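# An overview of the molecular structure
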Amino acid sequence: QVQLVESGGGLVQAGDSLRLSCAASGRTFSSYAMGWFRQAPGKGREFVASVNWSGGSTDYARSVKGRFTISRDNAKNTVYLQMNSLKPEDTAVYYCAGGRYGSSGTHRDEYGYWGQGTQVTVSS
């Protein structure tokens, strides 16, 4: 079955950077879009970023655009989220998501597979 395993979360200070990784297995990674979502305490899960099957097209939430970069390495079956200039409001559990199609957008139902999540905490 499809498995997504995130890593790279942690506790950082405002202004710092982190890179999240998500290793995928169980299907042809290079055929599907990948995404990152996040969920802060007491809030719903929200879209952060997505990348299409080839890595040639990306999309970002307005709140992270210009600070976060999503990328993928199809040879390594891995998707990344580089997070720069982190803010306390970026604190959340970050989830890797496997798309149902070659290109997937901002809606949760466009993703059929989810990782277990990795905690990112940004202190002020």
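For every chain, the first residue of its written sequence is number 1, and the numbers climb from 1 along that sequence. Only residues with pLDDT of at least 70 are given local features in this predicted model, and only at 80 or more are side-chain atom pairs given and counted; all residues enter the totals for whole chains, interfaces and linings. To obtain the side-chain values, all non-hydrogen atoms of the structure were included, while hydrogens and water were left out.

## Regarding the side chain of Asn 52
How we decide: Where helices and strands are cited, they refer to DSSP runs of H or I of at least four residues and of E of at least two residues respectively, numbered from the N terminus. The buried label applies to any residue whose accessible area, calculated with a 1.4 Å probe on protein chains only, is under 20% of its type's maximum; exposed applies above 50%, and partly exposed to all values in between. Identification of polar contacts relies on pairs of N or O atoms within 3.5 Å, with a donor-acceptor requirement for protein atoms, meaning one able to donate a hydrogen and the other able to accept it, and with residues adjacent in sequence counted only if both atoms are side-chain atoms. The contact criterion used throughout is that any non-hydrogen atoms of two residues lie within 4.5 Å.
Considering the arrangement of structural elements, one finds Asn 52 in the loop between β5 (46-51) and β6 (58-60). Judged by relative accessible area, Asn 52 falls into the buried class, the value being 11%. Of the polar contacts made by the side chain of Asn 52, one reaches the backbone nitrogen of Gly 55; its length is 3.0 Å. Apart from residues lying up to four places away in sequence, Asn 52 is in contact with Ala 33, Ser 57, Arg 72, Gly 102 and Ser 103.

## Digging into the nonpolar core
Cut-off, in case you're wondering: Here, the term nonpolar core denotes a set of buried Ala, Val, Leu, Ile, Met, Phe, Trp, Tyr and Cys residues that are joined through side-chain atoms within 4.5 Å.
Counting 32 residues, the largest nonpolar core has Trp 36, Val 79, Leu 81, Met 83 and Tyr 94 as the members making the most contacts within it. Mapped onto this core, the elements with two or more residues apiece are β3 (18-25), β4 (34-39), β5, β7 (68-73), β8 (78-83), β9 (92-99) and β11 (118-123). Each residue touching Tyr 94, except ones within four places of it in the same chain, is listed here: Glu 6, Leu 20, Trp 36, Phe 37, Arg 38, Val 48, Phe 68, Leu 81, Met 83, Gly 117, Thr 118 and Val 120.

## Thoughts on the environment of Gly 66
With respect to the helices and strands, the residue Gly 66 is situated in the loop between β6 and β7. The sequence separation of Gly 66 and Trp 53 amounts to 13 residues, and the corresponding C-alpha distance is 22 Å.

## Quick notes on the packing of aromatic side chains
Definition in use: Only rings of Phe, Tyr and Trp enter the pairing, Trp through its six-membered ring, and a pair is recorded when the two centres are within 6.5 Å. The plane angle decides the type: under 30 degrees is stacked, over 60 is edge-to-face, the rest tilted. In our convention, an over-ring charge means Lys NZ or Arg CZ found within 6 Å of a ring centre and within 35 degrees of that ring's normal.
Overall, the coordinates contain four aromatic pairs when judged by the stated rule. Each ring, one from Phe 37 and one from Tyr 111, has its centre 5.2 Å from the other, and the planes form 80°; the classification is edge-to-face. Of the two residues, Phe 37 sits in strand β4 while Tyr 111 sits in strand β10 (residues 111-114), which places them 74 residues apart along the sequence. Pair check on accessibility: Phe 37 and Tyr 111 agree, each one buried. Note that Arg 27 overlies the ring of Tyr 32, its terminal NZ or CZ placed 3.8 Å from the centroid.

## Here's the deal with the state of the cysteines
Short version of the rule: A pair of sulfur atoms, both from cysteines and within 2.5 Å, is called a disulfide here.
Tallying each qualifying case throughout the model produces one disulfide. Disulfide pairing places Cys 22 opposite Cys 96 at an S-S distance of 2.1 Å. Negative torsions about the S-S bond denote left-handed disulfides, and the value of about -75° found for Cys 22 with Cys 96 makes this one left-handed. Taken as a pair, Cys 22 in strand β3 and Cys 96 in strand β9 lie far apart in primary sequence, 74 residues in all. For Cys 22, a relative accessible area of 0% gives the class buried.

## Some details on unusual backbone geometry
In this structure, Asn 77 takes a positive phi of about 55° despite not being glycine. Assignment of secondary structure puts Asn 77 in the loop between β7 and β8. Here Asn 77 falls in the partly exposed class, since its relative accessible area comes to 28%. Here the phi dihedral of Ser 85 falls at roughly 50°; this positive angle occurs in a residue that is not glycine. Its location among the elements puts Ser 85 in the loop between β8 and β9.

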